[in-house]
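# Descriptive structure summary
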Amino acid sequence: MTTEGARIGIDVGGTFTDFVLSDPRDGSLVYYKEPSTPEEPSRALIEGLRALLARAGLEPSGVAALMHGTTIGLNAIIQRRGAKIALVVTEGFRDILEIARSRMPSSFDFHAAKEEPLVPRLRVLEIGARFSPRGEATRTPGPGEIARLGAALREAGVEAAALVCVNGYAAPEAEAALAAELSAAAGGLDITSAAAIWPEIREYERTLVACLNAYIQPLMQRYFAGLEAGLAADGVTAPILVTASNGGSLSLASAAARPVETVLSGPASGVMAAARLAAAAGVGGIITFDMGGTSSDIAIASSGTPELATRTDIGGLPLVLPVVDVSAIGAGGGSVVWVDEHDVLKVGPHSAGAAPGPVSYGRGGTEPAVTDCYLALGYIDPAGFLGGRMQLDGAAARVALGGIAARIGLKGPDAAQAAAEGALAVTTAGMATELYKTLAARGLDPAGFALVPFGGAGPTHANLLAEEAGIARVVIPPAAGTFCAMGAAGADLRRDFVRSLRQPLDADTARGLADTLAALGAEGEAWLDAEGAHITGRRSEPSADMRYTGQAYELRVSLEGVELSAAAVAEAFHREHERIYGFRDAGAEVELGTARLAVIGLTPDLSAPSWPEGDPEPAPTGRRPLFRRGAWVEAAVYRREALGAGARLAGPAIVEQDDTTTVVLPGWSGRVDTMGNLHLERAAA
């Protein structure tokens, strides 16, 4: 990646594919949305890229880098549509996926079923290889065993396989060499070494990381190869970087080898962009609110840094890789409005998606969706969707919602609107409940945060959520509808490295921790050198998982700026334990669990053009009725690009732009800052 030429961020969602182009000629940003093609994701990407370049007046040769986020791997895991894979595991551990953690999904549900293992037992093979916790080989494959296993893998007809040796985390190089031998014996089959991907203790979780990687690797490799060929046919030969779940990015080669690190890349990109925006705008704590076509997600960031988690769940399976801590809280714009057998109004979880989409799309959909509710209530203009490139059928939406109204006993000329408002109330209450739970688990009060919405439906729904959840401030970015693509365009290179230690903390193990972090740093530097991308600087973020001896789980403790002595490291842990749990036990022994190092290659900052000043009391471009709390009210309509810095407006109002629409409720006011952000604030009582 060079500094000359345009950088383009792309986010492939279930309903729309979003694009942001940073133009090096004048520092401007160009935005575009293209309806997704789920049956062939690269088609929407290539067609949208052509339109984006035409809008920017650039030739394909003028592109310096493509930063690409995708949910293809995530969808394959959730829908169980990955590759046919095998698992090779230490002899005696063939049932590791079946036994898992021996926990029921729900202790009080007699009908709850466990998730089916990614690899059926018939395709789990055993190998005579094992290591001690110190990394010494205690068993090695016998004569002819590698050849026999290679033949079995070929005979099984699998597309990829995973290798897991007991205590392999202590000898990642040896396990990786064994995987290479197996691959050669199996005719070049891709074999993921669990320890090479993620050398952390806990066999089941490490096995799952390896299996998930193998499960989506063939699919992702085919997609990347097809995308690269399709772009080259259009004359785009710029390097492709893939955004990662930790908020950074990887080269295409790294993403193809380690696709499991990209499964949550889309949501992570938006959170990183929001964190950067908040820091630049002087906003402290924020709750990001990403509402797209299928679902809504939130994350928390303070002082420009989002929270990271070292464990999450995907499709009912635990994933122990570092990810931006995103929590799903509810429906998206395509979530279907329906009535259950007890005549109770429900929204989601199933979605109309991009095809057929909401009823108003006119593509054959028959079930009303959240977007149809926005249309019926006057929130969005049927003639202005996607900047006028897509016409919505408001009459069809009202007819479909009229059917819902009849089911729940609503009558009168505004029955469809009443049903739509009820559906949004159900949606918003569910979101607020999940938001409260997420914040309560961290001991946080939503009143102390600003809400930063993005995604196509985020700004439309943000004021409703803020009012329900007691949040007094909403900050809406200039191009909120394509914000995840903006995050992708500005993503730094990043990879996380780990080593399990499992030692009591004392002077000797503190020195060992320092040595381990130094070794991880050297490994990270080599990785950055191999990525082949232009970076403006390098930095690292050391941390360690620690606990009081006897505790079941560790706390992740940042070691940035901490002297790596036993006393200083212990104090950092005591301080973090006290912050989260309210107490410390200074006399208890502290145990080192896992050493972690995030290695970051800084990419050039996206130039955010200054927002021109405007009329402090701008004139609306028109007015239209909004249905609010059972009655019609008149709202002023503004164009977002016409609102200069310093502009102020009062609700009820609607602010329209090509990629989304912002609704300002009665009792709220809006102002535009010098960066173009629209701040909504609750009016004084």
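All chains use their own residue numbering, which begins from 1 and follows the written sequence. Given that the model is predicted, a residue must reach a pLDDT of at least 70 before its local features are reported, and side-chain atom pairs must reach 80 or more before they are shown or counted; all residues, however, enter totals for whole chains, interfaces and linings. No hydrogens and no water enter the side-chain calculation; it runs on all heavy atoms of the structure.

### Examining the overall build of the protein chain
Inclusion rule: Put simply, DSSP marks the helices as runs of H or I at least four residues long and the strands as runs of E at least two long, and each gets a number from the N terminus on. Radius of gyration here is computed from C-alpha atoms only, and the compact-globule reference equals 2.2 Å multiplied by the residue count raised to the power 0.38. Each residue is assigned to one of three classes by its accessible area relative to the maximum for its type, calculated with a 1.4 Å probe on protein chains only: buried under 20%, partly exposed between the two thresholds, exposed over 50%. Contact between two residues is taken to exist if any of their heavy atoms lie within 4.5 Å; hydrogens are not considered. Per-residue accessibility takes into account occlusion by the displayed protein chains alone, with areas from the Shrake-Rupley method and a 1.4 Å probe. Under the convention used here, Asp and Glu are negative, Lys and Arg are positive, and both His and the chain ends fall outside the count. Every charge is mapped to an atom, namely NZ of Lys, CZ of Arg, CG of Asp or CD of Glu.
Helices and strands together make up the secondary structure of the protein chain, namely 16 helices and 35 strands. Computed over C-alpha atoms, the radius of gyration of the protein chain comes to 26 Å, within 12% of the 26 Å expected from 2.2 N^0.38 for 685 residues, which places it in the range of a compact globule. For the protein chain, the C-alpha atoms occupy an extent of roughly 80 × 60 × 55 Å along the three principal directions. Classification of the 685 residues of the protein chain by burial places 56% in the buried group. Of the contacts made within the protein chain by residues no fewer than 6 positions apart, 68% connect residues no fewer than 24 positions apart. Approximately 27000 Å² of the protein chain is accessible, and the part contributed by carbon and sulfur atoms is 53%. Looking at charge distribution, the protein chain has the averaged site of its 57 positive side-chain charges lying 3 Å from that of its 80 negative ones.

### A short note on the environment of tyrosine 379
With respect to the helices and strands, the residue tyrosine 379 is situated in the loop between α10 (370-376) and α11 (394-407). Counting along the chain gives 12 residues from tyrosine 379 to glutamate 367, while the straight-line C-alpha distance between them is 19 Å. Those residues within four positions of tyrosine 379 in sequence are excluded, and the remaining contacts are Tyr374, Leu424, Thr460, Leu464, Arg624, Leu626, Phe627, Ile654, Thr661 and Val663.

### A few points about the sheet that holds strand β29 (residues 622-628)
Where we set the bar: Pairing between strands is defined by DSSP: at least two bridges between the two strands are required. Simply put, an axis is a line fit to the C-alpha atoms, just over the touching stretch for a helix, and the angle between two N-to-C directions goes from 0 to 180 degrees.
Strand order in the open sheet formed by four strands is β29-β30-β32-β33, and the pairing between neighbours is mixed. Both edges of this open sheet fall to β29 and β33 (661-664), since each of them pairs with a single strand only. Pairs of neighbouring strands in the sheet enclose a mean axial angle of 30 degrees, with direction left out of account. Where β29 meets strand β30 (residues 631-639), seven bridges bridge the pair, whose relative direction is antiparallel. In the strand pairing of β30, leucine 626 is matched with valine 633. This element, helix α13 (residues 458-469), spans β29 and β33 of the sheet and lies at about 30 degrees to β33.

### Observations regarding the side chain of glutamate 203
Here glutamate 203 shows up in helix α7 (residues 203-233). By relative accessible area, glutamate 203 is classed as buried at 19%. Residues in contact with glutamate 203, not counting those within four places in the same chain, are Ile96, Val164, Cys165, Val166, Asn167 and Tyr169.

### Describing the domain arrangement of the protein chain
Using the following cut-off: How far each domain reaches was decided by an automatic or database domain assignment. We define buried area as the total accessible area lost by two parts upon association, computed with a 1.4 Å probe and summed across both.
Along its sequence, the protein chain is carved into domain 1 (6-77 + 221-262), domain 2 (79-216), domain 3 (270-322 + 330-492), domain 4 (493-602) and domain 5 (622-682). Taking only C-alpha atoms, the centre of domain 1 and the centre of domain 2 are 32 Å apart. With 10 residues of domain 1 in contact, the opposing surface of domain 2 contributes 13 residues. Contact between domain 1 and domain 2 buries roughly 1000 Å² in total, counting both sides, with carbon and sulfur atoms accounting for 52%.

### What about the packing of helix α12 (residues 415-440) against α13?
Here is the rule: Roughly parallel refers to an angle under 35 degrees, roughly antiparallel to one over 145, roughly perpendicular to one between 65 and 115, and oblique to any angle outside these ranges. The sense of a crossing depends on the near helix, which, turned anticlockwise from the far helix by less than a right angle, makes the crossing left-handed and, turned clockwise, makes it right-handed. Throughout this entry, Asp, Glu, Lys and Arg are counted as charged residues, while Ala, Val, Leu, Ile, Met, Phe, Trp, Tyr, Cys and Pro are counted as nonpolar. The remaining residues, Gly among them, count as polar.
Orientation of α12 relative to α13, taken along the N-to-C sense of each, is 60 degrees, at an axis distance of 9 Å. The angle between α12 and α13 places the two elements in the oblique class. For the crossing formed where α12 meets α13, the hand is right-handed. On α13, the residues touching Leu424, Thr427, Thr428, Ala429, Met431, Ala432, Leu435 and Tyr436 of α12 are His461, Leu464, Leu465, Glu468 and Ala469. Class assignment for the residues of the contact of α12 with α13 results in nine nonpolar, three polar and one charged.

### Things to note about α13
In terms of residue burial, α13 counts as a mostly covered element, since 10 of its 12 residues are buried. Within α13, burial applies to Gly458, Pro459, Thr460, His461, Ala462, Asn463, Leu464, Leu465, Ala466 and Ala469. Backbone geometry just downstream of α13 places glycine 470 in the positive-phi region, at approximately 75 degrees.

### Some points on the packing of helix α1 (residues 41-56) against α7
Between α1 and α7, whose axes approach to 10 Å, the crossing angle comes to 25 degrees. By the criterion of interaxial angle, the relationship of α1 to α7 is roughly parallel. In the packing of α1 onto α7, the handedness of the crossing is right-handed. For the pair formed by α1 and α7, the contact residues are Pro41, Ser42, Leu45, Ile46 and Leu49 on the first element and Tyr223, Leu227, Gly230 and Leu231 on the second. A breakdown of the residues in the contact of α1 with α7 according to their chemical character gives seven nonpolar, two polar and no charged.

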